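Spelled out, the chains give:
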Amino acid sequence: MRFLLVTFIALFLAACAASEPPVTDVNQPHLPPPAFPVSSPTEGQSCGGMVATPGPECDDGEYCHRTMADQCGAADAPGICRPMPEMCTMDYNPVCGCDGQTYSNECAANAKGVSAAYAGECTS
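Quick look at the structure, then. On a predicted model such as this, the values are computed, not experimentally measured, just so you know.

The rules behind these values
- Residues numbered from 1 in each chain as written.
- Predicted model: local features only at pLDDT ≥ 70, side-chain atom pairs only at ≥ 80, totals over all residues.
- Heavy atoms only, no water.
- Pairing = 2+ DSSP bridges.
- Helix = DSSP H or I, 4+ residues; strand = E, 2+ residues; numbered from the N terminus.
- Buried < 20%, exposed > 50% of the residue type's maximum accessible area, 1.4 Å probe, protein only.
- Contact = heavy atoms within 4.5 Å.
- Polar contact = N/O pair within 3.5 Å; in protein donor to acceptor, adjacent residues only side chain to side chain.
- Lys, Arg positive; Asp, Glu negative; His and termini not counted.
- Salt bridge = Lys/Arg side-chain N within 4 Å of Asp/Glu carboxyl O.
- Disulfide = S-S within 2.5 Å.
- Core = buried A, V, L, I, M, F, W, Y, C linked by side-chain atoms within 4.5 Å.

## Digging into the sheet that holds strand S5 (residues 102-103)
Here is step 1 of the chain: Spatially, S5-S4-S6 is the arrangement adopted by the three strands of the open sheet, whose pairing is antiparallel. In the strand order of this sheet, the two ends are held by S5 and strand S6 (116-119), each with one partner.

Put into structure tokens, the structure is as follows:
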């Protein structure tokens, strides 16, 4: 009986020890903080800012995305670097791109690296 009791207690203590957090989770103020990355990815980076001081360009495969409310940056509203979509739906929901071309939908415009100026076909 004692053997079973001792075995049960040993198994119980082993299970409790396994559920404790590792030592690395403990606050260790004597260690330096983790290093910050040297460079951040451009996705989400502001682009195309003020006309007098233009913002940085986006990397290859990205475009400077602006919302329709930004009016293609007419009011110096900066955009955000986003990856160009690789696939889009085939639905026809036309938008006029900031380049003056009509696209079948906003995704199709973005895939060409163009933001949508407004919903609907281009008027001129």
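## Focus on the environment of Tyr63
Here is step 1 of the chain: With respect to the element layout, Tyr63 can be found in strand S2 (residues 62-65).
Here is step 2 of the chain: A residue is classified by how much of its surface remains accessible, and Tyr63, at 5% relative accessible area, is buried.
Here is step 3 of the chain: The spacing of Tyr63 and Asn110 is 47 residues in sequence and 7.6 Å in space, taken between C-alpha atoms.
Here is step 4 of the chain: Beyond its immediate sequence surroundings of up to four residues, Tyr63 is in contact with Cys58, Ile80, Cys81, Arg82, Pro83, Met84, Pro85, Asn110, Gly113, Val114 and Ser115.
Here is step 5 of the chain: Within the local environment of Tyr63, its side chain forms a polar contact with the side chain of His65, the two groups lying 2.9 Å apart.

## Some remarks on the side chain of Asp70
Here is step 1 of the chain: Inspection of the secondary structure assignment puts Asp70 in the loop between S2 and strand S3 (79-83).
Here is step 2 of the chain: The side chain of Asp70 is buried and forms no salt bridge, while Arg66, the nearest opposite charge, is found at 5.5 Å.

## Brief notes about the state of the cysteines
Note: disulfide means a covalent bond formed between the sulfur atoms of two cysteine side chains.
Here is step 1 of the chain: Under the counting rule described, the total for this entry stands at five disulfides.
Here is step 2 of the chain: Disulfide partner of Cys47: Cys64, at an S-S distance of 2.1 Å. Disulfide Cys47-Cys64: torsion about the S-S bond near 100°, hence right-handed. With a gap of 17 residues between them, Cys47 in strand S1 (residues 46-47) and Cys64 in strand S2 connect regions that are remote in the sequence.
Here is step 3 of the chain: Across a sulfur-sulfur distance of 2.0 Å, Cys72 and Cys98 are joined as a disulfide pair. Its S-S torsion of approximately -90° makes the covalent link between Cys72 and Cys98 left-handed. Here Cys72, found in the loop between S2 and S3, pairs with Cys98, found in the loop between strand S4 (95-97) and S5; they are 26 residues apart in sequence, far enough to count as distant.
Here is step 4 of the chain: Along the chain, the cysteines that take part in disulfide bonds pair up as 1-3, 2-5, 4-8, 6-9, 7-10, counted in sequence order.

## Points about the environment of Gly113
Here is step 1 of the chain: You can see Gly113 is positioned in the loop between helix H2 (106-111) and S6.
Here is step 2 of the chain: In this structure Gly113 touches Tyr63 and Met84, once residues within four positions along its chain are discounted.

## Some words on the nonpolar core
Here is step 1 of the chain: Grouped together as the largest cluster of nonpolar side chains are six residues: Val95, Tyr103, Ala108, Ala109, Val114 and Ala116.
Here is step 2 of the chain: Setting aside residues up to four positions removed in sequence, Val95 forms contacts with Met68, Gln101, Thr102, Tyr103, Asn105, Glu106, Ala109, Ala116, Tyr118, Ala119 and Gly120.

Interpretation in functional terms is not warranted from these geometric data alone.
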